[in-house]
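# Examining the three-dimensional arrangement
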Amino acid sequence: MRKLFQIFAGQRNSPLLRALGRRYFAGSTEEVYAKRNYASNVSEYNTVINSLSAQRRHFLLRDVYDDMMLDGVQPSRDIFHSLVVGAMRGARLHDAFFFREQMKTLGLVPDVALYNFLISTCGKCKYSDKAIHILEEMKKNEVKPTGQTYICLLNACAVSGRTDHVYAIVRDMTAAGLGLNKFCYAGLIAAHKNKIPLTDDTASKIIELVEQSKGWSSIEASKDMAENVMIGVSEEELYNLPTAEYVHRRGGFVNRQLTVYHVALHACADLRNVEAMETLLEMLKKDGKTPDVFLIMQTMRCYLYSGNLDRGLQIFMEYINSGKPAMIELFVTLIEGAMVGHTPKGMELAQDTLVKMNARGFFLSVKMGSDLLLIAAGEKTGGYTTANYIWDLMQARKITPSLPAVEAYYRGLKEREIPEDDARLIHVSRVYENLLPRNRTGPQRPSVG
């Protein structure tokens, strides 16, 4: 709860302290109580929940709910939707099911939208079997699944590479008279990409599905989607597509008509299949379409992950020199891809790109910086200059990387011949130790049910 107090500084103490406050300061005036309180009604609590979710502080949602109960504020259906969406975004499966059980305890029956969020959370956490059980629960409770429910389930199974389940869902949808839309084809492509072990025809299957998708239909525009929009959940996020975090970006970042191409090129980059990627780009050109920023990122990733640094850099420079708005994500993609394998040439390219990015006034977010530091910290030879530079850039803006990134960087420094009294090592050690208590967990919560 210390984190909540820091976030809403000067307004509120922990549940324990608030309970003590009630016991020993029962005579306090309403004005004093209001000053100690960060929320006092459903609307204010909903604002706090959405704020924490936007800040990626999903681990605090349970604390907020506990405070709400302590305050005697009755959670509404909308509150539970916001809580489950926050858990979904943070991939906190136990929390999502905890909120569902609390909802039932309070006499609120989960609706289709909430079940869809739960299925999506299962997909994000790679619990496809649990997602299927949710659909069975819906039917048992006489909550009618919508087309969106089946697409959630399809994509949840796709994350785990369960092609058998995915095609079974497709058959069920077809039998129910539902056509396949672009998100269904996106799920089919993801399922083939994630299948273990991969088959020899994975790339050809992806290309075939992209071709088939050109005749996709539009599945019912249900009231669930309208509700999702109201709480800021896009279809891309609900279905765990790789464009989810970029879909609201402007400047031609994501052309939503190219959803199937987005997933297909992302798959090719992950598979490091340059031939399939180039085939897809030719198909896109024949369709009279031009790549958006996301597709350019995937093209760069594919070349860079395949070891073709020169071609990846060329794609980057062509965009930068085109006069279009520069995007920090393109710089980060080049930096990340250049560090694959930690080759001397790649690490040099990564550091040069970091310098140019910084000179343009682009700054790393916590997530971007943490991701890059985690990769750079894996360098076993060389001067460790790239990792040091990323750390320094973040420290200059008083940004603390994530625990995994700091731990990897700290261990990387310790593996080198650095004196114990080195200023950098001492500082990193202190940051690492400060992060540890914040990330320790208590007793394991019971398994989801």
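Please refer to the structure placed before this passage.
Note that the coordinates shown come from a computational prediction; the quantities given were computed from them, not determined experimentally. (Residues numbered from 1 in each chain as written. Predicted model: local features only at pLDDT ≥ 70, side-chain atom pairs only at ≥ 80, totals over all residues. Heavy atoms only, no water.)

### What about the side chain of Thr259?
The line we're drawing: Numbering of helices and strands runs from the N terminus, with a helix taken as a DSSP run of H or I at least four residues long and a strand as a DSSP run of E at least two residues long. Identification of polar contacts relies on pairs of N or O atoms within 3.5 Å, with a donor-acceptor requirement for protein atoms, meaning one able to donate a hydrogen and the other able to accept it, and with residues adjacent in sequence counted only if both atoms are side-chain atoms. Should any heavy atoms of two residues lie within 4.5 Å, those residues are counted as being in contact.
Tracing the backbone shows Thr259 in helix α16 (residues 259-271). Looking at Thr259, its side chain comes within polar contact range of the main-chain oxygen of Arg256, at 2.9 Å. Other than its neighbours up to four places away in sequence, Thr259 contacts Lys182, Phe183, Ala186, Glu236 and Leu241.

### Details of the nonpolar core
Worth spelling out the cut-off: Take the buried residues of types Ala, Val, Leu, Ile, Met, Phe, Trp, Tyr and Cys, join any two whose side-chain atoms come within 4.5 Å, and each joined set is a nonpolar core. Between buried and exposed lies partly exposed: a residue is buried under 20% and exposed over 50% of the maximum accessible area for its type, with that area taken using a 1.4 Å probe on protein chains only.
The biggest cluster of nonpolar side chains holds 137 residues, and the ones touching the most others in it are Ile189, Leu330 and Tyr409. Leaving out residues up to four positions away in the same chain, Tyr409 has contacts with Leu373, Ala377, Tyr384, Ala387, Asn388, Trp391, Arg424 and Val428.

### Regarding the environment of Tyr261
Position of Tyr261 among the secondary structure elements: in helix α16. The exposure class assigned to Tyr261 is buried, which follows from its relative accessible area of 7%. Sequence separation between Tyr261 and Tyr185 is 76 residues; the distance between their C-alpha atoms is 10.0 Å. Setting aside chain neighbours within four positions, we find Tyr261 in contact with Val210, Lys214, Leu280, Met283, Leu284, Asp287 and Leu295. Side-chain polar atoms of Tyr261 contact the backbone nitrogen of Leu284, separated by 3.5 Å.

### Observations concerning the pattern of salt bridges
Let me state the cut-off plainly: The salt bridge criterion pairs a side-chain nitrogen of Lys or Arg with a carboxyl oxygen of Asp or Glu, the two atoms within 4 Å.
One pass over the full model with this rule turns up 22 salt bridges. In this structure, Lys193 engages Asp270 in a salt bridge whose closest nitrogen and oxygen atoms are separated by 3.0 Å. Of this pair, Lys193 sits in helix α12 (residues 182-194) while Asp270 sits in helix α16, and the two are 77 residues apart along the sequence. A salt bridge links Arg249 to Glu329; its shortest N-O distance comes to 2.3 Å. Placement of Arg249 in the loop between α15 (235-238) and α16 and of Glu329 in helix α20 (residues 328-338) is noted, with a sequence separation of 80 residues between them. Taking relative accessible area as the criterion, Glu329 reaches 8% and is therefore assigned buried. Several salt bridges converge on common partners, so that one network encompasses Arg100, Glu101, Lys104 and Glu137.

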